Amino acid sequence: MKKTKVAIIGSGPAGFTAATYAGRAMLEPVVLAGIKSGGQLMWTTDVENFPGFPEGVNGAQLMFQMRQQAERFGAHIQDVYATAVDLSQRPFKIWTGYPVGADPQRFDRLTTEELVNFMDEVKTQPHDIEAESVIIATGAAAQLLGIPGEEEFLGRGFSTCAVCDAAFYRDKSVYVIGGGDSAMEDTLALTKFAKEVTVIHRRGEFRASKIMQERVLNHPKVKVMWNTMVEEIMGDQKVTGIKINQDGKSQELSADGVFIAIGHVPATRIFQGQVEQDGHGYVVTRQSASALGVTAAQAATEDALVRFPTMTSVEGVFAAGDNVDVRYKQAITAAGQGCSAALDAERWLEAQGE
Ligand code: NAP
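Visitor: I'd love a proper account of the overall build of the chain, names of residues and values included.
Guide: A count of helical and extended segments in the chain gives nine helices and 21 strands. The C-alpha radius of gyration computed for the chain amounts to 21 Å, which stays within 12% of the reference 20 Å derived for 354 residues, consistent with globular compactness. With the C-alpha coordinates of the chain rotated into their principal frame, the extents come out at 65 × 45 × 40 Å. The proportion of buried residues among the 354 residues of the chain is 49%. Within the chain, residue pairs in contact and separated by at least 24 positions form 65% of the contacts whose partners lie at least 6 positions apart. Charge centroids of the chain, computed over 33 positive and 44 negative side chains, lie 3 Å from each other.

Visitor: Give me the side chain of T312: which residues, what numbers.
Guide: Here T312 shows up in the loop between β20 (305-306) and β21 (317-319). Judged by its relative accessible area of 5%, T312 is buried. Beyond its immediate sequence surroundings of up to four residues, T312 is in contact with V275, V283, V284, T285, V317, F318 and A319.

Visitor: Just give me the short version of the sheet that holds strand β14 (residues 228-235), but keep the residues and values in it.
Guide: Strand order in the open sheet made by the three strands is β14-β15-β16, with antiparallel pairing throughout. The sheet is open, and its two edges are formed by β14 and β16 (249-254), each paired on a single side. Between one strand and the next, the sheet's axes are offset by a mean angle of 25 degrees, whatever the strand orientation. One ladder, built from seven bridges, connects β14 with strand β15 (residues 239-246); its direction is antiparallel. When the sheet's bridge partners are listed, E232 is paired in β15 with K243.

Visitor: Residues and numbers for the environment of V85, please.
Guide: As for its position among the elements, V85 is in strand β6 (residues 84-86). A residue is classified by how much of its surface remains accessible, and V85, at 0% relative accessible area, is buried. The residues contacting V85, other than those within four sequence positions of it, are I9, K93, I94, W95, K123, I270, F271 and Q274.

Visitor: Could you give an account of the site of the ligand, naming the residues involved and the relevant values?
Guide: In the vicinity of the ligand, 18 residues are found, and the nearest of them are D181, S182, R202, R203 and R207. At 3.1 Å from an oxygen atom of the ligand is found a main-chain nitrogen or oxygen belonging to G179. One of the backbone nitrogen or oxygen atoms of G180 is found 3.3 Å away from an oxygen atom of the ligand. Coverage of the ligand by the protein chains reaches 74% of its 910 Å² of free accessible surface. Looking at the shell around the ligand, the element that brings in the most residues is helix α6 (residues 181-191), giving three residues. Among the residues making up the shell around the ligand, the classes are represented as five nonpolar, eight polar and five charged.

What counts, and at which threshold
- Residues numbered from 1 in each chain as written.
- Predicted model: local features only at pLDDT ≥ 70, side-chain atom pairs only at ≥ 80, totals over all residues.
- Heavy atoms only, no water.
- Helix = DSSP H or I, 4+ residues; strand = E, 2+ residues; numbered from the N terminus.
- Rg over C-alpha atoms; globule rule 2.2 N^0.38 Å.
- Buried < 20%, exposed > 50% of the residue type's maximum accessible area, 1.4 Å probe, protein only.
- Contact = heavy atoms within 4.5 Å.
- Lys, Arg positive; Asp, Glu negative; His and termini not counted.
- Charge placed at Lys NZ, Arg CZ, Asp CG, Glu CD.
- Pairing = 2+ DSSP bridges.
- Axes fitted to C-alpha atoms, helices over the stretch in contact; angles between N-to-C directions.
- Near = heavy atom within 4 Å.
- Polar contact = N/O pair within 3.5 Å; in protein donor to acceptor, adjacent residues only side chain to side chain.
- Areas by Shrake-Rupley, 256 points an atom, 1.4 Å probe, with all protein chains shown as cover.
- Nonpolar A, V, L, I, M, F, W, Y, C, P; charged D, E, K, R; others polar.

Shape descriptors only; they carry no functional weight alone.
Set out below in structure tokens:
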């Protein structure tokens, strides 16, 4: 069992920035990076809006560099998931083990009921980390539609990551579901390989930024189906088609691949019932852009300043990045919040005499 002053759970821009700051503060943070270290940017090709890279930077490269920077200042990075936590008293307890026979690859896909049983079983084993403070930086994961065929064909023609899987669809006909920047980015990634890319959007206009919309709408390989919902992913061994509903009429279309890009859900289920979350699962801190955040901030105000803005409902537990941020969800805002959370943790530990 390892003892630490700060345990950072998550390895996106928020987690690694927090680790660099906590490392430079000589706190020797332990980072639980998950088995897929690096977070959502690992699946992004060009990041064009992260300051300091005028020509853009590959997302995975950016994350490797952030990881190296954290290590340089003494962060102990473990490529494991936090599989259960006990935040009810200090020192906080974290488990990284699995029940006998459980598949680590499936951990982030367990149903809510499966996860509850999983965590109960994990907690019968001795805990792996004891931390005086915790920074939750677990980010967010792809949102699904909840329609028949999604679970069944995930990884078999149905994908949440075009940037990862596009190369498998050379000269194929594929669909992208969504109308935001992610859907535009996925569509453009797919045009490099696929014969034809059809974007399916539930409304009559995209939400994405104008520049991304234009790139998609002007691309010769791209078609758009407006006001259309996907009702089912169909297939046999792999995806062969989709059932759609356009303007109230159902129809079946053949498809070689289906990509979904309709946003993300915060990866906060292991903290449920332990730190306050909003109705969507975002962790509430004293700087959350919601009524819950404003209430938390008011309760913590002293001398007209909010104390430890990144602190959650539990003293000593802080949160940063896409698992908190209902509004901006950018790599740079996540990194900024990671910095704030590490500074808050450092100052809070000092105030406790640690
Ligand atoms: P998003 O902006 O929230 O867009 C989600 C899209 O999915 C919307 O068009 C939405 O439709 C649609 N959608 C949501 N639920 C749906 C459902 N149940 N059925 C059908 N469609 C559904 O999410 P995002 O595209 O993942 O982007 C998240 C953030 O990251 C944004 O701030 C974005 O700007 C940023 N981002 C930036 C870049 C870049 O700069 N290169 C790349 C990717 C993402 P409605 O429009 O009807 O709501």
